[in-house]
Amino acid sequence: DGVVYAVVVSLGFATLENILYVFDGGLKVAVLRACTAVPAHAAFGVMMGYGYASYRFHFGGKQSSPAAVLLVPVLAHGLYDAPLFLLQVESLAEHTVVALGLLLAFIALGVWMYRRVRWTMSVLVAGQMSEDAKASLVVDG
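Given the structure is predicted, the values throughout are model-derived calculations rather than measurements.

(A) Spatial organisation of the nonpolar core. Ranked by size, the top nonpolar core spans 10 residues in total: Ala37, Ala40, Phe44, Met47, Tyr50, Ala76, Tyr80, Phe106, Met113 and Val117. When contributions to this core are tallied by element, the ones reaching two or more residues are α2 (27-57), α3 (66-88) and α4 (92-126). Broken down by element, the residue count for this core peaks at five residues, all from α2. Those residues within four positions of Phe44 in sequence are excluded, and the remaining contacts are Pro73, Ala76, His77, Tyr80 and Phe106.

(B) View of the environment of Thr120. As for its position among the elements, Thr120 is in helix α4. Separated by 70 residues in the primary sequence, Thr120 and Tyr50 have C-alpha atoms spaced 9.5 Å apart.

(C) Representation of α2 in the model. Between the first and last C-alpha of α2 there are 43 Å, a value that for 31 residues agrees with the 45 Å anticipated at 1.5 Å per step. Bending of α2 peaks at approximately 45° at the position of Arg33.

(D) Seen up close, the packing of aromatic side chains. Overall, the coordinates contain two aromatic pairs when judged by the stated rule. Between the aromatic rings of Phe44 and Tyr80, the centroid separation amounts to 6.2 Å while the plane-to-plane angle is 70°, which identifies the pairing as edge-to-face. In this pair, Phe44 sits in helix α2 while Tyr80 sits in helix α3, placing the two residues 36 residues apart along the sequence. By relative accessible area, Tyr80 is classed as buried at 9%.

(E) Representation of a nonpolar patch on the surface in the model. Together, Leu100, Leu103, Leu104, Ile107 and Val111 make up a nonpolar patch on the protein surface, roughly 450 Å² of accessible area in all. Looking at where Leu103 falls in the secondary structure, it is placed in helix α4.

Parameters at a glance
- Residues numbered from 1 in each chain as written.
- Predicted model: local features only at pLDDT ≥ 70, side-chain atom pairs only at ≥ 80, totals over all residues.
- Heavy atoms only, no water.
- Core = buried A, V, L, I, M, F, W, Y, C linked by side-chain atoms within 4.5 Å.
- Buried < 20%, exposed > 50% of the residue type's maximum accessible area, 1.4 Å probe, protein only.
- Helix = DSSP H or I, 4+ residues; strand = E, 2+ residues; numbered from the N terminus.
- Contact = heavy atoms within 4.5 Å.
- Expected span 1.5 Å × (residues − 1).
- Bend = angle between axes of the 7 residues up to and from the residue.
- Phe/Tyr/Trp six-rings, centres within 6.5 Å; stacked < 30°, edge-to-face > 60°.
- Patch = residues over 30% accessible without salt bridge, like charges linked within 9 Å, V, L, I, M, F, W, Y side chains within 5 Å.
- Areas by Shrake-Rupley, 256 points an atom, 1.4 Å probe, with all protein chains shown as cover.
- Salt bridge = Lys/Arg side-chain N within 4 Å of Asp/Glu carboxyl O.

Read these as spatial facts, not as claims about activity.
Structure (structure tokens):
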């Protein structure tokens with residue numbers, strides 16, 4: 001449930017953010033943000049919901065930090081925004097490598113989070129969370 005609620009909240013935030021950006025940028029910005037920002041915010045919500053579930057239900061018998069519940073999606077949002085803001089700077093050549101590096105880091109984080117959530121859900125749905133799997137949840141995430 002935490003993942004669902006967090007995704008709903010993140011999509012509400014994306015809606016407000018998109019309205020503000022579209023008023024300023026027009027139809028081109030609306031289409032671009034619909035294809036990138038909306039899915040990104042949903043992914044940030046998944047990260048927050050997964051972190052909250054880990055915090056609330058003590059996967060592996062060890063409670064995670066409540067700060068991590070907010071910090072991980074905020075950092076992911078920063079990895080999403082940083083290349084976009086860097087590429088808008090007038091001296092584009094200076095920031096292209098940094099922007100591409102940040103973009104690759106964002107994509108890698110997204111792939112890792114997707115695989116992590118799928119693995120956790122398969123373990124939980126199967127109802128066969130062994131002690132090794134619980135320990136792995138604490139160590140890896």
